[in-house]
Amino acid sequence: MSGEHGDGQARGELLRCMFGPAIVSAFEEVKAAFDPRDRMNPGKLVHPYRTDENLRLGAGYHPSVPATFLGFPDDGGSFPQAASRCVGIGNCRRSAGGVMCPSYMVTREEEHSTRGRARLLFEMLQGHPDAPVRDGWRSTAVRDALDLCLACKGCKSDCPVGVDMATYKAEFLAHHYRHRLRPAAHYSLGWLPLVGRFAQWAPRLVNSALRAPVLAQTAKRLGGIAPQRTPPRFAEVSFQRLCRHRVAPPPGEPGAVLLWPDTFTNHFAPHIGRAAVDVLEDAGLRVAVPPQPLCCGLTWMSTGQLGMATLRW
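Residues numbered from 1 in each chain as written. Predicted model: local features only at pLDDT ≥ 70, side-chain atom pairs only at ≥ 80, totals over all residues. Heavy atoms only, no water.

(A) Broad picture of the overall build of the protein. Per the secondary structure count, the protein includes 17 helices and two strands. Taken over C-alpha atoms, the radius of gyration comes to 26 Å for the protein, far larger than the 20 Å a tight globule of 313 residues would show. Counting only C-alpha atoms and orienting by the principal axes, one finds that the protein spans roughly 80 × 50 × 35 Å. For the protein, the proportion of its 313 residues judged to be buried stands at 35%. Nonlocal contacts in the protein, meaning residues at least 24 apart in sequence, comprise 64% of its contacts between residues at least 6 apart. A total accessible area of about 18300 Å² is found for the protein, and carbon and sulfur atoms account for 60% of it. A distance of 10 Å separates the average location of the 37 positive side-chain charges in the protein from that of its 28 negative side-chain charges. (Helix = DSSP H or I, 4+ residues; strand = E, 2+ residues; numbered from the N terminus. Rg over C-alpha atoms; globule rule 2.2 N^0.38 Å. Buried < 20%, exposed > 50% of the residue type's maximum accessible area, 1.4 Å probe, protein only. Contact = heavy atoms within 4.5 Å. Areas by Shrake-Rupley, 256 points an atom, 1.4 Å probe, with all protein chains shown as cover. Lys, Arg positive; Asp, Glu negative; His and termini not counted. Charge placed at Lys NZ, Arg CZ, Asp CG, Glu CD.)

(B) Spotlight on unusual backbone geometry. Met100 connects to Cys101 through a cis peptide bond whose omega is -5°. Structurally, Cys101 can be placed in the loop between helix H3 (79–83) and helix H4 (102–107). At Asp38, a residue that is not glycine, the phi angle is positive and equals roughly 55°. Relative to the assigned elements, Asp38 resides in the loop between helix H2 (21–34) and H3. Since its relative accessible area comes to 35%, Asp38 is described here as partly exposed. The phi dihedral of Asn41 falls on the positive side, at around 55°, and the residue is not glycine. Topologically, Asn41 is positioned in the loop between H2 and H3. Looking at Asn41, the relative accessible area reads 48%, which means it is partly exposed.

(C) Focus on the side chain of Gln126. Here Gln126 lies in the loop between helix H5 (114–124) and helix H6 (140–147). Judged by relative accessible area, Gln126 falls into the buried class, the value being 10%. Once residues within four sequence positions are removed from consideration, Gln126 is found in contact with Tyr61, His62, Pro63, Ser64 and Ala131.

(D) The packing of aromatic side chains, seen in detail. Within the structure shown, the criterion is met by 10 aromatic pairs. Here the aromatic rings of Trp137 and Phe172 are separated by 6.1 Å at their centres, their planes lie at 45°, and the arrangement is tilted. With Trp137 in the loop between H5 and H6 and Phe172 in helix H8 (residues 165–176), this pair connects stretches of sequence that are 35 residues apart. Residue class for Phe172 comes out buried when judged on its relative accessible area of 0%. Ring centres of Phe198 and Trp201 lie 5.2 Å apart, and the angle between their planes is 65°; on these two criteria the pair is classed as edge-to-face. According to the relative accessible area criterion, Phe198 is partly exposed, its value standing at 48%. For Trp201, a relative accessible area of 71% corresponds to the exposed category. (Phe/Tyr/Trp six-rings, centres within 6.5 Å; stacked < 30°, edge-to-face > 60°.)

(E) Fine view of the packing of H5 against H8. Direction vectors running N to C along H5 and H8 enclose 40°, while the axes themselves pass 11 Å from each other. The angle between the axes of H5 and H8 places the two elements in the oblique class. Regarding H5 and H8, the two cross each other, and that crossing is left-handed. Along the contact surface, H5 presents Thr114, Arg117, Ala118, Leu121 and Met124, while H8 presents Met165, Tyr168 and Phe172. Across the contact of H5 with H8, the residue classes tally to six nonpolar, one polar and one charged. (Axes fitted to C-alpha atoms, helices over the stretch in contact; angles between N-to-C directions. Parallel < 35°, antiparallel > 145°, perpendicular 65-115°, else oblique. Left-handed = near helix turned anticlockwise from the far one by under 90°. Nonpolar A, V, L, I, M, F, W, Y, C, P; charged D, E, K, R; others polar.)

(F) Quick look at a nonpolar patch on the surface. Residues Met18, Phe19, Ile23 and Phe27 make up a contiguous nonpolar surface patch of roughly 330 Å² in combined accessible area. Tracing the sequence through the fold places Met18 in helix H1 (residues 15–19). Residue classification places Met18 among the partly exposed residues on the basis of a relative accessible area of 44%. (Patch = residues over 30% accessible without salt bridge, like charges linked within 9 Å, V, L, I, M, F, W, Y side chains within 5 Å. Salt bridge = Lys/Arg side-chain N within 4 Å of Asp/Glu carboxyl O.)

Function cannot be inferred from these measures alone, as they are strictly geometric.
So, in structure tokens, the structure goes:
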């Protein structure tokens, strides 16, 4: 029976039933010997909080329930419920192993862990004047904590309770910058699907311009891109153009598969798409590649431009 972490504290009172008075008294003696001022993890195991005491979501918990762009189907359509998923396990604070959380692995700062970000979102939604975060969607504290989130969704797969910070970040940014000017990188990188489509008209010219010293530095400065970064080269022929003469299998034909031409494969690494076609066909499948302009919406989602992501491109 857990009596320490998260919801386990709710069963602390029952530990005396599990261990018996003699053993619990021994716990108390050890605690008193090494921690006489009760400063280390008070209220756990020894002299535990009551079942109805020290609750995270008590009788006074009435979070604001804002209208959201996203549906949050796994949380009953509730953003506050989604933001409350984190129970403080701290699996995101690992320094090695797994994929969560890369920004914490670098900074070692709680605010850049999945747990820290979830806590700030939880505080933001409290809905009362004494809450630590009082400026709601306009909060710079929440914005700064989410700034280094890579939206990699490592937390969604690695976190035991499935915290999906990439989705929460997209929702927050959509509200934070609503009717406001965004950072330059949200336009230069967020609109990458359209940039890639325009670059296909003259890819060699665009690549040359992005490497010309003066033009490149100016473009990076205007686009909010670090001057140390080297822009990737646009492919001279997109993946979709490489596949434009392919005969698509009829819809519903057994063995027919659709290969989605995402922005990055399509405009930067068409050889990866070509290799995927070869692998699928070698497995006996017939591959269809849509010829019309398409977009997965990833760059718009990760920058919180959810209205743009819903448009048909």
